Amino acid sequence: MLKIVLISGKRKCGKDYISERLQKRLANRARIVRISEPIKSEWARKLQLDLSALLSDGPYKEQYRRDMIVWSDEMRTKDYGYFCRAAMAEAPLDQTPYIIVSDVRRKNDIKWFRETYGQDMVRTVRLTSRPETRQARGWTFTEGIDDVPSECDLDDYDSFDFVVPNEDENDQGFIDQLVDMLQLK
Ligand SMILES: Nc1ncnc2c1ncn2[C@@H]1O[C@H](COP(=O)(O)OP(=O)(O)OP(=O)(O)O)[C@@H](O)[C@H]1O
C-alpha cells in the first residue's frame, strides 16, 4: 500500500541525511519530495531569478530569503496546502509506492497530508538531536531563522507517530529498523 512518510526535525537533525538513506535502502520503491522546492522555484520564477543561485549558498540566497518567507507565508494564509500540493504534483503516486517528504515544518503541512491522503497512508517522523550534536554538524542559532514559525511551529506538536533520536553515525541496522517501524515492506 502507498505510504507517505513525513519527516520533520530542527535544523541539522538529519532530515536530508535520514531521508536519503531511507530512499537508498528502498531503492526505486521510494522517492523524496521537498515542500521547499515549489516555494523556491515559484519565487524564482516570480522574480525571474536564477534558480540555481537561489538554491545555492551564494549571495542571492540571503538577499531573497526573507522576502520569500513573507511571500510564502501570505500564500499559506490563503491556502495552507498550496506548497504541499505543488510538491506532490511532481510525484505521481502511481510511480512509487513510498514517498518521503523530507522537510515538513508546519502543523498545517501534516494536516494537509492527513486530510488529503487519509490517516492510514501518512506516517509522521520527528527526528531529534541534541543541540551539541547539531552544532557539531554546523548549526549555530541564528535569529530570524531559528526563532520563526518555519523552524518552531512543530516544537509543541505532540501527535507524531514516531520520535526518532538521530545522534550518532548510524549503521544499516538503524535504517532497517526504521523501515520495519514504518512498515515500508
Ligand atoms: N546520523 C548521522 N550520522 C552522520 N552524519 C549525520 C547524521 N545525521 C546527519 N548527519 C550529517 O549532519 C549534517 C546535517 O544533516 P542534514 O543536512 O540531513 O540535516 P537537516 O535536518 O536536513 O538540516 P537543515 O534543516 O539545515 O536542512 C549533514 O552533513 C549530514 O550528513
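Located above this text is the structure these notes cover.
The structure displayed is predicted, hence computed values, not measured ones. (Residues numbered from 1 in each chain as written. Predicted model: local features only at pLDDT ≥ 70, side-chain atom pairs only at ≥ 80, totals over all residues. Heavy atoms only, no water.)

*Asks:* Can you walk me through the overall build of the chain in this structure?
*Replies:* Across its full length, the chain carries nine helices and five strands. Ordered by position in the sequence, the α and β elements of the chain form the string β-α-β-α-α-α-α-β-α-β-α-α-β-α. On C-alpha atoms alone, the chain measures out to a radius of gyration of 16 Å, which is about the 16 Å that the 2.2 N^0.38 rule sets for 185 residues. Considered along the principal axes of its C-alpha atoms, the chain spans approximately 45 × 40 × 30 Å. (Helix = DSSP H or I, 4+ residues; strand = E, 2+ residues; numbered from the N terminus. Rg over C-alpha atoms; globule rule 2.2 N^0.38 Å.)

*Asks:* What is the right way to read the state of the cysteines from this model?
*Replies:* By definition, a disulfide links the sulfur atoms of two cysteine residues through a covalent bond. What the rule picks out here adds up to zero disulfides. The thiol of Cys152 is unpaired, and the distance to the nearest cysteine sulfur, on Cys13, comes to 12 Å. (Disulfide = S-S within 2.5 Å.)

*Asks:* What is the right way to look at the site of the ligand in this model?
*Replies:* By nearness alone, 14 residues border the ligand, and Lys15, Tyr17, Asn166, Asp168 and Asn170 come closest of all. Contact between the ligand and Asp16: an oxygen atom at 3.1 Å from a main-chain N or O atom of the residue. Interatomic distance of 2.7 Å between a side-chain N/O atom of Asn166 and a nitrogen atom of the ligand. Out of a free accessible area of 630 Å², the ligand has 74% covered by protein chains. Looking at the shell around the ligand residue by residue, the classes come out as two nonpolar, three polar and nine charged. (Near = heavy atom within 4 Å. Polar contact = N/O pair within 3.5 Å; in protein donor to acceptor, adjacent residues only side chain to side chain. Areas by Shrake-Rupley, 256 points an atom, 1.4 Å probe, with all protein chains shown as cover. Nonpolar A, V, L, I, M, F, W, Y, C, P; charged D, E, K, R; others polar.)

*Asks:* Whenever I open this one, the side chain of Ser102 confuses me. Can you help?
*Replies:* The topology assignment puts Ser102 in the loop between β3 (98-101) and α6 (107-117). Reaching out from Ser102, the side chain makes a polar contact with the side chain of Arg34 at a distance of 3.5 Å.

*Asks:* I'm lost on helix α1 (residues 15-26) in this one. Help?
*Replies:* Three- or four-residue spacings in an α-helix give side chains the same orientation, since the helix completes a turn every 3.6 residues. For α1, with 12 residues, the first-to-last C-alpha span of 16 Å sits near the 16 Å given by 1.5 Å per residue. Taken together, the buried positions of α1 are Lys15, Ile18, Ser19, Arg21, Leu22 and Leu26. Across the axial projection of α1, the buried residues extend over an arc of 165°, all falling on one side. On its buried face, α1 sits against β1 (3-9), β2 (30-33), β3, β4 (122-128) and α9 (172-181). Positioned one or two residues after α1, Ala27 has a phi angle of 50°, which is positive. (Expected span 1.5 Å × (residues − 1). Buried < 20%, exposed > 50% of the residue type's maximum accessible area, 1.4 Å probe, protein only. Arc of directions from axis to C-beta. Contact = heavy atoms within 4.5 Å.)

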